[in-house]
Amino acid sequence: MGASDRNPQFYCPLRDRYINVGEADILVVSTEAKEDHAKPEEAIAESNITLKRAYEQDMDDVREVVEYFWDETEFYCFDQTFKVEECTNILAYAEDDLAGLLSYKRNDQTLHIVVLNVYPEHQGQGIARKLIREAIEIADKNRCETVKVATTNDDIPAICVYQKMGFRLSEILPGAVAKHHGEELPGFAGIPVLDEIRLERPV
Ligand SMILES: CC(C)(COP(=O)(O)OP(=O)(O)OC[C@H]1O[C@@H](n2cnc3c(N)ncnc32)[C@H](O)[C@@H]1OP(=O)(O)O)[C@@H](O)C(=O)NCCC(=O)NCCS
């Protein structure tokens, strides 16, 4: 599946349109001007954004998010395949609307974030930050030392959000993602999806 066949993943405030990764591009703006930009939907009060641990009866919502964004429920990173059904899943709701998902897998020392997605109509309201903060708190409660995440070289928004949340680049696996896919797919802004980028943050 090419970048242009994917579901819309972002909101373009200049055209007031939901766009897929192939239609997306980077535009540098001042942080002041960013505040003035149109938001996709009416802002939801922070107190009406809730996080919920997904149990068996919530798995349809979990699958809905990952299939919308990735068209699959298994993710290859950190040299292993993570199945979303075997992860712990945290769902985000904006009022009653399903807004996003963070999936993680924990071992003694490390919490691996496997999936992080927020639907385009709910982006830009701090939901990803809230989900990442929750993952860091869970890691802390479980005495993990590190939170790790892997993304791809093209995923500039994800690389941006993780660094703003205290993650640092830790490893680059050149060509690992293209090798896994068996081809070089175009990704965000037409950047070829090639490398696995690992980031980590001490708890
Ligand atoms: C990346 C993503 C999870 C961010 O979700 P979000 O709820 O909009 O993020 P937040 O509102 O919490 O924003 C956190 C920071 O991320 C950055 N960010 C979010 N969306 C961005 C975008 N479209 N472009 C650039 N930076 C972006 C911002 O710098 C923001 O910082 P700020 O709070 O100082 O403005 C969401 O855009 C998404 O799901 N995208 C689709 C696919 C994807 O890239 N997933 C990540 C795979 S690992």
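Residues numbered from 1 in each chain as written. Predicted model: local features only at pLDDT ≥ 70, side-chain atom pairs only at ≥ 80, totals over all residues. Heavy atoms only, no water.

With that out of the way, let us pick up the pattern of salt bridges. Within this structure, the stated rule accounts for nine salt bridges. Close ionic contact of Arg198 with Glu171 constitutes a salt bridge, the shortest N to O distance being 3.4 Å. Linking Arg198 in strand β13 (residues 196-202) with Glu171 in strand β10 (residues 168-173), this pair joins segments that are 27 residues apart in sequence. Taking the relative accessible area as the measure of exposure, Arg198 reaches 6% and is therefore buried. (Salt bridge = Lys/Arg side-chain N within 4 Å of Asp/Glu carboxyl O. Helix = DSSP H or I, 4+ residues; strand = E, 2+ residues; numbered from the N terminus. Buried < 20%, exposed > 50% of the residue type's maximum accessible area, 1.4 Å probe, protein only.)

Let us now look at the sheet that holds strand β7 (residues 97-106). Judged by pairing direction, the sheet is mixed, and its seven strands sit side by side in the order β3-β6-β7-β8-β9-β13-β10 without closing on themselves. At either margin of the open sheet sits one strand with a lone partner, and together these are β3 (49-53) and β10. Neighbour-to-neighbour, the strand axes of this sheet turn through a mean angle of 25°, independent of strand direction. For strand β8 (residues 110-118) and strand β9 (residues 146-152), the ladder comprises four bridges, and the chain directions are parallel. Opposite Thr110, over in β9, you have Thr146 as the bridge partner. Where helix α3 (residues 127-141) meets the sheet, its contacts fall on β3, β6 (88-94), β7, β8, β9 and β13, and the angle it forms with β8 comes to roughly 165°. (Pairing = 2+ DSSP bridges. Axes fitted to C-alpha atoms, helices over the stretch in contact; angles between N-to-C directions. Contact = heavy atoms within 4.5 Å.)

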